[in-house]
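Per-entry structural report
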Amino acid sequence: MLGTAGTSAGQEASKASITFNDQTSNGISVIVEKIETDVEVRLVLRDQDSNVIGGPITFDAGTVVEDYEVKLTPQITETKTLSANLYESGGSNVARKTAEITVSDPAEMVSGMGPTFVEANPDAGFNYPYYLYAPSRPTDSDPGSILVQPNNSGQATDDFEVQRQSAQNRIEGGISRTVSERLTVPLLIPVFPRPQTDPVDWRHYVHALDRQTMQISDGPLKRVDLQLLRMVDHAQEMLSDQSYTVDDQILLNGFSAAGNFVDRFAVLHPDRVRSVTAGGLNGMAMLPLEEAKGHTLNFHIGIADVEELTGEPVDLDALNEVNQFLFMGGEDSNDTIPYDDAWSEEMREIALDVYGEKMVTERFPYCQSAYEQAGVDAQFKVYEGVAHSPRSALEDIIEFHQRSLDREDVSDFNQDLGFEPKINYTAEQPEVGESIEFDASSTEISLGQILAYTWEFPNGETAAGKTVTHRFEKPGQYGINLSVIDNNGRTVTTEATVSIGGDSKQTVSGTNDSSESTSEATTETDQQTSAGPRFTLPGVGLGVVVTSAAGGLYSLKNRLQD
């Protein structure tokens, strides 16, 4: 049925190809020699009975990987013929190879458990059920942490079966199942409701852990954040009873509403979180600030009233120790701001005024700068050309949590979302009347494209372009302003101070057109460079023009009407 080892089933080679050869294995993993695809595919390994034994693992269009290790779940202990299959998003098989896997020196394994439904247990502290899955793992492996993926059905309904089925689908084949298997850690998915009328109304966006949900003072939905912690504690005991030990930290992964949930949960309980990956956040991560731009930032925008809601203030030092990876797709347009189940009118106005209107180019860079202002480390990234989907981030999600488990540095996941104009000029010691070339070509931007460079000189003259020339007719110190405009509507201004006919040590300063924040640096090289701060957003040092709340609501209203 499977064909001969190393042969193809004859699918379209132009779309995808896979090389999977006979090999010797310890039974825990196998090597796929090469995958090459120009369409998005899922890799699935199957045994001779067509049971899934590895994957699914998603690869984006344009991917080429070699010597790719795939963990086997469950472990195999004897020689087997396996097939490596590539499936398109619609489910069609576009490439398939088979190989004979000879098992030599099989590793000793701790048995895991298949997807298991755990009933609600109010006595143990949780009023709703959860699903638990644990892949088999080598006995000599580190304990690891439980991975938590909040459920997100995408709809408000009083039919609890909808939520249960959604959670079941995710634990059987969702992205977090892939992450769980690749990391060899257990996966827990709570089955929380997202009610329409009972026990609370639809304005309580439980799956996003919003403000209305955290304000529930009694009934089965009181403090679902604590209920989730009790589920984790219960799962740890269940696993321990099977000699499957885990530590008391958790890994969090979520996207869209579930991304909001894990982002906000990590701020509330940083002492229990080892690492968190959260995407599709509408550009609005929860800010580790109590106030900004003249507003008090209550939960779920900021942390001003967290102690009032939970009895405990936010521990920013502990939050700083949590590895956080927050990401957005560059083409994501899935915005919750217009919806009343996610935002009250008052909070919507504050959010627009503080974060801005544009999700990727205003809100998300502002979040990065707010974290920096609070002294809390987090990694931010935007995936260019990606809409509202976590698929492009999958490998980063796995690697980020793996490094967290291994206590390795994660700072290289960060992307600088702002941009800083840089001024270079070549004259070593400019003289009176000398033609000086000013160059802004070293200015870098991570999001979008630069549209214009505008220069302003002390005598009132202006110039445009990456490179301009200017003469100074008298000795002294002169300030040159450079404004850079990008295609996202952002304008950033910096200033270089040039000494004419004086000492070669030049003082340069950076500023921006919407903040009082400045910094100074002194250089002694023959190529002077403005060295201002990395500009983020207005209010905390970023040169981005942000729409006012009123203007934002007006344009939002027009857009919705259109």
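Position numbers for residues count from 1 along each chain, tracking the sequence in the order it is written. Given that the model is predicted, a residue must reach a pLDDT of at least 70 before its local features are reported, and side-chain atom pairs must reach 80 or more before they are shown or counted; all residues, however, enter totals for whole chains, interfaces and linings. The basis for every side-chain value is the complete set of heavy atoms in the structure, and neither hydrogens nor water enter the calculation.

Attention now moves to the packing of helix H2 (residues 175–183) against helix H10 (residues 394–405). Where helices are involved, their axes are fitted lines through C-alpha atoms of the stretch in contact, as for all axes, and angles between N-to-C directions lie from 0 to 180°. Secondary structure counts use DSSP, requiring at least four H or I residues in a row for a helix and at least two E residues in a row for a strand, with both numbered from the N terminus. Two elements in contact, H2 and H10, have axes whose closest approach is 10 Å; the angle formed by their N-to-C orientations is 40°. As far as their axial angle goes, H10 and H2 are oblique. By crossing handedness, the relation of H2 to H10 is classed as right-handed. Where H2 approaches H10, its residues Ile175, Thr178, Val179, Arg182 and Leu183 are matched on the opposing element by Leu394, Glu395, Ile397, Ile398, His401 and Gln402. Charged residues are taken to be Asp, Glu, Lys and Arg, nonpolar residues to be Ala, Val, Leu, Ile, Met, Phe, Trp, Tyr, Cys and Pro, and polar residues to be all remaining types, Gly included. Taken together, the residues of the contact of H2 with H10 break down into 6 nonpolar, 3 polar and 2 charged. Geometric relationships in this document are graded by angle, where less than 35 degrees denotes roughly parallel, more than 145 denotes roughly antiparallel, 65 to 115 denotes roughly perpendicular, and other angles denote oblique. Helix crossings are classified by the rotation of the near helix relative to the far one: an anticlockwise turn of less than a right angle makes the crossing left-handed, while a clockwise turn makes it right-handed. Here, two residues are considered to be in contact whenever any of their heavy atoms come within 4.5 Å of each other.

Looking at the element boundaries, Arg264 is found in helix H5 (residues 257–268). Classification of residues uses two cut-offs on accessible area relative to the type maximum, computed with a 1.4 Å probe and protein chains only: under 20% is buried, over 50% is exposed, and between them is partly exposed. Only four residue types enter the charge count, namely Lys and Arg as positive and Asp and Glu as negative; His and the chain termini do not. For salt bridges, the criterion is a side-chain nitrogen of Lys or Arg within 4 Å of an Asp or Glu carboxyl oxygen. Notably, Arg264 is buried but unbridged: the nearest opposite-charge side chain belongs to Asp263, and the N-O separation is 5.3 Å. In this structure, Arg264 is in contact with Ala208, Leu209, Asp210, Met286, Phe299 and His300, ignoring residues within four places of it in sequence.

Moving on, we come to the environment of Ile28. Note on placement: Ile28 falls in the loop between strand E2 (23–25) and strand E3 (29–37). What makes Ile28 buried here is its relative accessible area of 15%. Not counting residues up to four positions away in its chain, the partners in contact with Ile28 are Val70, Lys71, Leu72, Gln75, Ala107, Met109 and Pro138.

Fine structural detail should not be taken from predicted coordinates in areas where pLDDT scores are low. What pLDDT conveys is the predictor's confidence in a given residue, as a value from 0 to 100. Averaged over every residue, the pLDDT of the chain is 85; residues scoring 70 or more account for 86%. A low-confidence stretch, residues 1–13 (pLDDT under 50), is modelled with 29 contacts involving residues beyond four sequence positions or located in other chains. The model gives residues 503–562 a pLDDT under 50, and that stretch makes 166 contacts with residues more than four places away or in other chains.

Let us look at the packing of aromatic side chains. Each Phe, Tyr or Trp ring (for Trp, its six-membered ring) is paired with any other whose centre lies within 6.5 Å, and the angle between the two planes then decides the class: stacked below 30 degrees, edge-to-face above 60, tilted in between. Scanning the model with the defined rule gives 20 aromatic pairs in all. A ring pair is formed by Tyr425 and Phe438, whose centres lie 5.6 Å apart and whose planes are at 50°; its orientation type is tilted. Taken together, the positions of Tyr425 in strand E22 (residues 424–425) and Phe438 in strand E23 (residues 436–439) put the pair 13 residues apart, joining distant regions of the chain. One aromatic cluster is present, built from ring pairs that chain together Phe255, Phe325, Phe327, Tyr383, Phe400 and Phe413. Put simply, a charge is over a ring when the Lys NZ or the Arg CZ is close to the ring centre, within 6 Å, and near the line of the ring normal, within 35 degrees. Cation over ring: Arg177 sits above Tyr133, and NZ or CZ is 3.8 Å from the ring centre. Lys293 extends its terminal NZ or CZ atom over the ring of Tyr366, reaching a point 4.4 Å from the ring centre.

With that settled, consider the sheet that holds strand E16 (residues 273–279). A pair of strands is labelled paired if DSSP reports no fewer than 2 bridges between them. If you walk across this open sheet you meet the 8 strands as E10-E11-E14-E13-E15-E16-E19-E20, and the pairing is mixed. Of all the strands in the sheet, just strand E10 (113–118) and strand E20 (379–383) have a single pairing partner and so form its edges. Strand-to-strand twist of the sheet, defined as the mean angle between neighbouring strand axes without regard to direction, takes the value 15°. Taken together, the 3 bridges between strand E13 (residues 146–148) and strand E15 (residues 250–255) define a ladder with parallel strand orientation. Counterpart to Val148 in the pairing with E15 is Leu252. The strands that helix H4 (residues 224–241) touches are E10, strand E11 (130–134), E13, strand E14 (187–190) and E15; relative to E11, the one it contacts most, it runs at about 40°.

Further remarks concern unusual backbone geometry. A cis geometry characterises the amide bond from Asp198 onward to Pro199, with omega recorded as 10°. Tracing the chain through its elements places Pro199 in the loop between E14 and helix H3 (211–214). With a phi angle near 60°, Ser243 is a residue other than glycine that sits in the positive phi range. Structurally, Ser243 is set in the loop between H4 and E15. The exposure class of Ser243 is exposed, given its relative accessible area of 57%. Within the chain, Ser256 stands out as a residue other than glycine whose phi angle is a positive 65°. Checked against the element boundaries, Ser256 lands in the loop between E15 and H5.

Helix span, as expected, comes to 1.5 Å for every residue beyond the first. Look at H5: 17 Å from first C-alpha to last across 12 residues, which is about the 16 Å you get at 1.5 Å a residue. Taken together, the buried positions of H5 are occupied by Ala257, Ala258, Gly259, Asn260, Phe261, Val262, Asp263, Arg264, Phe265, Ala266, Val267 and Leu268.

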